[in-house]
Amino acid sequence: PSSSYMEDKMLRKLLIEELIEVSQNFFEKKLNHINNPEFDFESEIESFFNIYINRPFSHNTGGSGFHNMFWIYLFTRYLNPQLIIESGVWKGHTSWLFEKACPNANIHGFDINLGNLRYKNGGVCFHENDWVVEKLSAISPGRDVVFFDDHVNHARRIIEAKEKGFKHLLFDDNPPINKLYLYGLPGIPTANMIYNEIAINFKEILWYYYGKRKKYKLDTEEILKAKKLINKHEVFPDVGSLTRYGGFSFLTYVSIKQSLSLNITF
């Protein structure tokens, strides 16, 4: 997509108008608890296109593509966080986008292996360890965000985020339980499984991925604890079918209940 786009601005605007309709509808209906009445969807989406076309590297196999990048950019611009945490940075493609979207934010990227990192010259602070070991807590819980793209148990990540005072979470690789065959081994249980309570009916999940048998055991108590913390679970609309850039995603927004204590018993 970085080298495939309409050059004529009027023709590109036709696509942008379609994206405005989808995104504005989603934010107003699904994310109406986040208030930003001054947000200009047209100018922000135009800005995203200009940024994305000129991104530092055109191929990000194994990381976020156009679909995810579009929503991540728009969401962080809309939220305007002071602190952004990214767990699972891969090449640093999304780290670069966070910096473009929120140049005044304090951005930290975490990965247990930074050997694939290519974006090293920006203002993002990278850490070669799991995010939970760092003493980083939300500066402004109503605005700060954590993006999880690390294939780690989502129940665990939701509980960790609550402990550090975060309210707004983004999860990549969040398929429902009956579509695990698309991903191999995402963070299980996914936020989708937790929110829809289907995972509590299974002690073990079995599936095949490219002919290889996969198996995962579930912790019912941990799932129920994470479920109690979730306030909203909204999957971002598929814009890949609209733009024809292809691909699919289960990029998902999760908000955490702020008034609920972690001392949950069953």
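Residues numbered from 1 in each chain as written. Predicted model: local features only at pLDDT ≥ 70, side-chain atom pairs only at ≥ 80, totals over all residues. Heavy atoms only, no water.

Trainee: Mind showing me how you'd approach the overall build of the chain here?
Mentor: A count of helical and extended segments in the chain gives eight helices and nine strands. Over its C-alpha trace the chain gives a radius of gyration of 18 Å, about what one expects of a compact globule, namely 18 Å for 266 residues. Dimensions of the chain, computed from C-alpha atoms along their principal axes, come out at roughly 60 × 45 × 40 Å. Each of the 266 residues in the chain was classed as buried or not, and the buried ones make up 52%. Considering only residue pairs separated by 6 or more positions, the chain has 68% of its internal contacts joining residues 24 or more positions apart. (Helix = DSSP H or I, 4+ residues; strand = E, 2+ residues; numbered from the N terminus. Rg over C-alpha atoms; globule rule 2.2 N^0.38 Å. Buried < 20%, exposed > 50% of the residue type's maximum accessible area, 1.4 Å probe, protein only. Contact = heavy atoms within 4.5 Å.)

Trainee: So what exactly am I meant to see when it comes to helix 1 (residues 9-30) here?
Mentor: Given a rise of 1.5 Å per residue, 22 residues ought to cover 32 Å, and the 30 Å separating the end C-alpha atoms of helix 1 matches this to within 8%. Buried within helix 1 we find Arg-12, Leu-15, Ile-16, Leu-19, Ile-20, Ser-23, Phe-26 and Phe-27. Looking at the packing, one finds that the buried side of helix 1 touches helix 2 (41-53), helix 3 (66-79), strand 8 (230-235) and helix 8 (240-243). (Expected span 1.5 Å × (residues − 1).)

Trainee: What am I meant to see in the nonpolar core here?
Mentor: Nonpolar side chains tend toward joint burial in soluble globular proteins. Grouped together as the largest cluster of nonpolar side chains are 43 residues, with contacts concentrated most on Phe-27, Phe-48, Phe-70, Trp-71 and Phe-75. Of all the secondary structure elements, the ones that give two or more residues to this core are helix 1, helix 2, helix 3, helix 4 (93-101) and strand 4 (145-148). No other element matches the ten residues that helix 3 contributes to this core. For Phe-27, the residues in contact, after removing those within four places along its chain, are Asn-32, Phe-41, Trp-71, Leu-74, Phe-75 and Tyr-78. (Core = buried A, V, L, I, M, F, W, Y, C linked by side-chain atoms within 4.5 Å.)

Trainee: I keep staring at the sheet that holds strand 8 and nothing clicks. Help me out?
Mentor: Strands in a sheet are paired, the pairing made by backbone hydrogen bonds, and the direction either parallel or antiparallel. Taken together, the seven strands give an open sheet; going across it, the order is 3-2-1-4-5-9-8, and neighbouring strands pair in mixed fashion. Across the chains shown, the open sheet's two edge strands, defined by having one partner strand only, are strand 3 (125-127) and strand 8. Ignoring strand direction, the axes of neighbouring strands in this sheet form an average angle of 15°. By the bridge criterion, three bridges tie strand 2 (residues 106-110) to strand 3 in an arrangement that is parallel. Bridged to Gly-109 within strand 3 is Phe-126. Helix-sheet contacts for helix 5 (residues 154-163) involve strand 1 (83-87), strand 4, strand 5 (168-171), strand 8 and strand 9 (252-256), and the interaxial angle to strand 5 is about 160°. (Pairing = 2+ DSSP bridges. Axes fitted to C-alpha atoms, helices over the stretch in contact; angles between N-to-C directions.)

Trainee: What's the story with a nonpolar patch on the surface in this structure? I'm lost.
Mentor: Together, Met-6, Leu-11 and Leu-14 line one region of the surface with nonpolar side chains, adding up to about 280 Å² of accessible area. Structurally, Met-6 is set in the segment before helix 1. Taking the relative accessible area as the measure of exposure, Met-6 reaches 45% and is therefore partly exposed. (Patch = residues over 30% accessible without salt bridge, like charges linked within 9 Å, V, L, I, M, F, W, Y side chains within 5 Å. Areas by Shrake-Rupley, 256 points an atom, 1.4 Å probe, with all protein chains shown as cover. Salt bridge = Lys/Arg side-chain N within 4 Å of Asp/Glu carboxyl O.)

Trainee: When you look at the pattern of salt bridges in this model, what are you seeing that I'm missing?
Mentor: Where side chains of opposite charge bring their charged atoms close, a pairing between them can arise. Applying the stated criterion across every chain, the model contains nine salt bridges. One salt bridge connects Asp-150 with Arg-157, and the closest N-O pair in it is separated by 2.8 Å. Here the two residues Asp-150 and Arg-157 agree in accessibility, since each one is buried. Where Glu-160 meets Arg-156, a salt bridge forms, and the shortest distance between an N and an O atom there is 2.8 Å. Placement of the pair is Glu-160 and Arg-156 together in helix 5, with a separation of four residues, close to one helical turn. The class of Glu-160 is buried, set by a relative accessible area of 7%.

Trainee: Quick question: what am I supposed to make of the side chain of His-127 here?
Mentor: Tracing the backbone shows His-127 in strand 3. Its relative accessible area of 12% is what places His-127 among the buried residues. Setting aside residues no more than four positions away along its own chain, His-127 makes contact with His-108, Gly-109, Phe-110, Asp-111, Leu-114 and Glu-134.

Trainee: Help me understand the side chain of His-108, please; the structure alone is not making it clear to me.
Mentor: With respect to the secondary-structure elements, His-108 resides in strand 2. Here His-127 takes part through its side chain, which lies 2.8 Å from a polar atom of the side chain of His-108. (Polar contact = N/O pair within 3.5 Å; in protein donor to acceptor, adjacent residues only side chain to side chain.)

Trainee: It is not clear to me how helix 2 should be interpreted in this structure. Could you clarify?
Mentor: Side chains three or four residues apart in an α-helix point the same way, a direct result of the helix having 3.6 residues per turn. Here helix 2 contains 13 residues, and its C-alpha end-to-end distance of 18 Å stays within 8% of the 18 Å for a straight helix at 1.5 Å per residue. Inspection of helix 2 places Phe-41, Glu-44, Ile-45, Phe-48, Phe-49, Ile-51, Tyr-52 and Ile-53 among the buried residues, and these make up the whole buried set. Turning to helix 2, the residues buried within the fold contact helix 1, helix 3 and helix 4. The opening residue of helix 2 is Asp-40, an N-cap whose side-chain oxygen sits 3.2 Å from the backbone nitrogen of Glu-42.

Trainee: Help me out: how do you make sense of the pairing of strand 6 (residues 204-209) in this one?
Mentor: The two faces of a sheet get side chains in turn, since along a regular strand they alternate between them. The pairing of strand 6 with strand 7 (residues 212-217) spans six bridges and is antiparallel. Looking at strand 7, one finds that Trp-207 is bridged to Lys-214. The hairpin turn running from strand 6 into strand 7, its antiparallel successor, is two residues long, and Tyr-210 in that turn takes a positive phi close to 50°.

Limitation: the analysis is restricted to geometry and does not speak to function.
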